[in-house]
Amino acid sequence: MSTFPPLESSKEVYRTVLRKEWIRKDGSFKWQVFKPYRTDKDGISVFIEPKDIEEHSETPYFGIASVNVGRVRECSASPALDVIQDKTWHANITGVPYPYNDDETEDETLKTKMIELCEALANKASQPYNP
Amino acid sequence: MKHHAQFSDVSSIMDDYVLIQNQGGPSELRRKSSSTLNQEAWNRCSPYERYKAAENIYHIDERVQAFKHELKTSWGEAISQLQELHGELFDDSSLNPAIEATSRRAFLTALFWLVKTYSEDRSLPCPDIVPSGDGGIDIEWTFDDRFVSAQIHKSNPANDRIYFRFREGFQSTELKMGNLLSLLQK
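Since the model is a prediction, treat every value here as computed from it, not as a measurement. (Residues numbered from 1 in each chain as written. Chains lettered and ligands numbered in written order. Predicted model: local features only at pLDDT ≥ 70, side-chain atom pairs only at ≥ 80, totals over all residues. Heavy atoms only, no water.)

Asks: How would you explain the overall build of chain B if you had to name every residue and give the values?
Replies: Scanning chain B for helices and strands turns up seven helices and seven strands. Starting at the N terminus, the α and β elements of chain B follow one another as α-β-β-α-α-α-α-α-β-β-β-β-β-α. In chain B, of all internal contacts separated by at least 6 residues, the share reaching a separation of at least 24 is 48%. Accessible surface, chain B as shown: approximately 9,500 Å² in total, 47% of it carbon and sulfur. (Helix = DSSP H or I, 4+ residues; strand = E, 2+ residues; numbered from the N terminus. Contact = heavy atoms within 4.5 Å. Areas by Shrake-Rupley, 256 points an atom, 1.4 Å probe, with all protein chains shown as cover.)

Asks: Go over the sheet that holds strand β3 (residues 128–131) of chain B, please, and point to the residues and values.
Replies: Residues and elements named next belong to chain B. Spatial ordering of the open sheet is given by β3-β4-β5-β6-β7, a layout of five strands whose pairing is antiparallel. Each edge of the open sheet carries a strand with a single partner, namely β3 and β7 (170–174). Between one strand axis and the next, the sheet turns by 25° as a mean value, whatever way the strands run. Bridging between strand β6 (residues 161–166) and β7 involves five bridges; their strand directions are antiparallel. (Pairing = 2+ DSSP bridges. Axes fitted to C-alpha atoms, helices over the stretch in contact; angles between N-to-C directions.)

Asks: Explain helix α7 (residues 177–184) of chain B to me, and be specific about the residues and the numbers.
Replies: Residue and element names in this part refer to chain B. Regarding α7, the residues found buried are Met177, Leu180, Leu181, Leu183 and Leu184. Considered in projection along α7, the buried side chains sweep an arc of 165° and stay on one side of the axis. Among the structural elements, α6 (104–120), β4 (137–142), β5 (146–152), β6 and β7 are those in contact with the buried residues of α7. (Buried < 20%, exposed > 50% of the residue type's maximum accessible area, 1.4 Å probe, protein only. Arc of directions from axis to C-beta.)

This is the structure:
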């Protein structure tokens, strides 16, 4: 249970882009930007402010995807997506299926839904600036 | 090591060849009408014999060399993208620790699917080669009315699968050439 109040719908949150191949030539983002990392067990990791990225993010990263909290919530009714803050500088986009099992098997139904939601998030993201 | 690298590079297009072992001479590959490689004979060869046999391909059948040149010309961007990922097999120190380097298995399997798909239909547009972030590779085509992603897992062939979208809503199907072509050729 988060000890932080719900984020305002107008709030932007930020996801670092860890591979250059995930940014198209026109600057838009591929769905892989929002694919959960293995460490994203609580949700898709995002930063609260751009300044938090420099302080808390590992390098390298190749860009920053900015997405509006309200638009994240609009992405899907089932499962419902939300952005839950868990640190002063960090939040998680919750609701996207976590695709990894310990035995390296995959649930194709969950993964299909994951890709669909990741694409929806990527389509709603934009670049605030380049690092 | 160089011989092994060349062997893995050409093995994916040697489906139509049979190995002939000549008495007192080098082995050579000849094109055969059926589509299965003489695996038993191939397995008996040493790595060096295989390398020499692969070299002989270019003398026996100029079409193989021409095919490879055509692939690099028409799908050159995909080949370049794959070659960039090849470097990660030996050195992943430049990657962000939150993601995984492309695995050898994913690289070779993606190369195989790239070559086979192109050989099936040379009119298809060049795909995007996208590292998945968890050691695999996604081979992707974007059309006006659909999106097709052939996803190669880093280690488990059972997870190799096609994920696709027609206008809205994703579905998935088994990664087989027939399935892939039917999605790409619509």
